[in-house]
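The chain contents come next:
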Amino acid sequence: MMTKIGLLGAGRIGQVHARAVSSVPNAQLVAVADPMPAAAEALRDTYGCDIRTIEQIKDSADIDAVIICTPTDTHADLIEDFARAGKAIFCEKPVDLDLARVKACLKIVDETKTTLMVGFQRRFDPDFQALRAAIDAGQIGEVEMVTLISRDPGAPPYEYIEHSGGIFRDMMIHDFDVARWMLGEEVETVQAAGSVLTDPEIGNRGDFDSANAILRTASGKQCTISNSRRATFGYDQRIEVHGSGGSVSADNHHQSRVTVANGTGYTRPPLLDFFMTRYIAAYAAEIEHFVSCLNSGQTPRTSGYDGLMSLALAEAALESARTGQAVKPADLLHRS
């Protein structure tokens, strides 16, 4: 069955998802909406889709599902509108920056019985999936500790930082989702610290550029996460899971697998330098999974609930960084 898709937003991440849709045999990009004509026209010319307004896409009988790649503060409203319109929804993280607003939005999703998938592409990366498969196969025994390192080559524009929700809610939220997936238990407490080490202007804009968090479950399992907005050597993405019977890890991706060895030592090519190149396969796989869920009726692997819980961890980390105290995500969810 061919799933016909409308894309809301033709910016950087919208371009990534347009390419992903084009790689899925039973998916078709029918229309794109963006307030910037040049951005929409570029996708139209590349993929042969129509240019329509968001309202037109919502009312289009020839569109089964939408991919939301608009600014974060529009996500919850668009999810509700398209849920009521009977469209399936894939939305880039986060659903919103406010826990209460996310909970209200998910209530509408439940009431309308809408399929909603939230974009956490790392769960669909071949390396991360192989790592999880090793855990499920019992190769390292019971999971005890998880270590996640995520460092960007450089910070995004200041204007983006001001509206993104900050390093915990925009960047580390991906690590929070992976942590929940790998730990196999919900997190009971979050202890976090943040600093401004790479650019004072990031601090002036109300954010951190360097952050660490320690997550602990009720059974005592732990996850340590380290984020930085500066990695001079490329896009740094590593994970190790330590268990009672061993450990499993995934290292960085380099621009090629060639290593030169001579009298001066070993030389390897640089790391990939951006998430758009590091996770090409993951973005394609998550859209393929979304389409598969629509055809089979199964629940997406990264649901609205996963979006809510990862945001709760991000909020707990932000509060902990500000207060110096460990924070329980369940308390924040209860208050929201």
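We now turn to the structure provided with this report. Remember, predicted model here, so these are calculated numbers, not experimental data.

1. Notes on the overall build of the protein
In step 1: Assigned secondary structure in the protein consists of 13 helices and 14 strands.
In step 2: Summarising its shape, the C-alpha atoms of the protein cover approximately 55 × 55 × 45 Å along the three principal directions.
In step 3: Buried residues in the protein amount to 52% of all 336 residues.
In step 4: Here the contacts in the protein between residues at least 6 apart in sequence split such that 71% fall between residues at least 24 apart.

2. Details of the packing of aromatic side chains
In step 1: Taken as a whole and judged by the stated rule, the model has four aromatic pairs.
In step 2: For the pair phenylalanine 168 and phenylalanine 208, a centre-to-centre distance of 6.1 Å together with 75° between the ring planes defines the contact as edge-to-face. With phenylalanine 168 in helix H8 (residues 166–183) and phenylalanine 208 in the loop between helix H9 (200–204) and strand E9 (210–217), this residue pair connects regions lying 40 residues apart in the sequence.
In step 3: Overall, the relative accessible area of 2% leaves phenylalanine 168 in the buried class.

3. Thoughts on the sheet that holds strand E10 (residues 222–228)
In step 1: The six strands are arranged E8-E9-E10-E7-E11-E12 in an open sheet whose pairing can be described as mixed. Edge positions in the open sheet fall to strand E8 (187–195) and strand E12 (246–250), since each of these has one partner strand only. Averaged over all neighbouring strand pairs, the angle between strand axes comes to 10°, with direction disregarded.
In step 2: When strand E11 (residues 236–243) meets E12, the two strands line up antiparallel, connected through five bridges. Note on E12: the bridge partner recorded for glycine 243 is glycine 246.
In step 3: In the packing of H8 onto the sheet, the strands contacted are strand E7 (143–151), E8, E9, E10 and E11, and the crossing angle to E10 comes to about 150°.
In step 4: In the packing of helix H12 (residues 304–323) onto the sheet, contacts are made with E8 and E9, and the angle to E8 comes to roughly 50°.

4. A few points about the pattern of salt bridges
In step 1: In the structure shown here, the tally under the stated rule is 24 salt bridges.
In step 2: Here aspartate 62 and arginine 52 are joined by a salt bridge, their closest N and O atoms 3.0 Å apart. Within this pair, whereas aspartate 62 is found in the loop between helix H3 (54–59) and strand E4 (65–68), its partner arginine 52 is found in the loop between strand E3 (50–51) and H3, the two being separated by 10 residues in sequence.
In step 3: Aspartate 62 sits in the partly exposed class, given a relative accessible area of 31%.
In step 4: A salt bridge links arginine 229 to aspartate 170, with the nearest nitrogen and oxygen atoms 3.8 Å apart. Separated by 59 residues along the polypeptide, arginine 229 in the loop between E10 and E11 and aspartate 170 in helix H8 bring together distant segments of the chain. Of the two residues, arginine 229 and aspartate 170, both sit in the buried class.

5. Some thoughts on the sheet that holds strand E6 (residues 116–119)
In step 1: Taken together, the six strands give an open sheet; going across it, the order is E3-E2-E1-E4-E5-E6, and neighbouring strands pair in parallel fashion. In this open sheet, the two edge strands, each paired with only one partner strand, are E3 and E6.
In step 2: Of the pairings in the sheet, the one linking strand E1 (residues 3–8) to strand E2 (residues 27–33) comprises six bridges and is parallel in character. Paired with isoleucine 5 across the strands is leucine 29, a residue of E2.

6. Points about H12
An α-helix turns once every 3.6 residues. As a result, residues three or four positions apart point the same way.
In step 1: Over its 20 residues, H12 extends 29 Å from the first C-alpha to the last, a length consistent with the 28 Å expected when each residue adds 1.5 Å.
In step 2: Burial within H12 is extensive, with 16 of its 20 residues counted as buried.
In step 3: Phi turns positive, to about 80°, at glycine 324, one or two residues after H12.

7. A few points about the environment of valine 248
In step 1: Note that valine 248 resides in strand E12.
In step 2: Since its relative accessible area comes to 16%, valine 248 is described here as buried.
In step 3: Sequence-wise, valine 248 and proline 156 are 92 residues apart; in three dimensions their C-alpha atoms are separated by 31 Å.

8. Quick notes on the packing of H8 against H12
In step 1: H12 packs onto H8 with a crossing angle of 120° between their chain directions and a minimal axis gap of 8 Å. Here H8 lies oblique to H12, going by the angle between them. Crossing hand, H8 versus H12: right-handed. Touching Phe168, Arg169, Ile173, Phe176, Asp177 and Arg180 of H8 are Tyr305, Asp306, Met309, Ser310, Leu311, Leu313, Ala314, Glu315, Ala317, Leu318 and Ala321, all from H12.
In step 2: For the contact of H8 with H12, the per-class residue count stands at 11 nonpolar, one polar and five charged.

Analysis parameters
Residues numbered from 1 in each chain as written. Predicted model: local features only at pLDDT ≥ 70, side-chain atom pairs only at ≥ 80, totals over all residues. Heavy atoms only, no water. Helix = DSSP H or I, 4+ residues; strand = E, 2+ residues; numbered from the N terminus. Buried < 20%, exposed > 50% of the residue type's maximum accessible area, 1.4 Å probe, protein only. Contact = heavy atoms within 4.5 Å. Phe/Tyr/Trp six-rings, centres within 6.5 Å; stacked < 30°, edge-to-face > 60°. Pairing = 2+ DSSP bridges. Axes fitted to C-alpha atoms, helices over the stretch in contact; angles between N-to-C directions. Salt bridge = Lys/Arg side-chain N within 4 Å of Asp/Glu carboxyl O. Expected span 1.5 Å × (residues − 1). Parallel < 35°, antiparallel > 145°, perpendicular 65-115°, else oblique. Left-handed = near helix turned anticlockwise from the far one by under 90°. Nonpolar A, V, L, I, M, F, W, Y, C, P; charged D, E, K, R; others polar.

Such coordinate-based values are descriptive only and should not be taken to indicate function.
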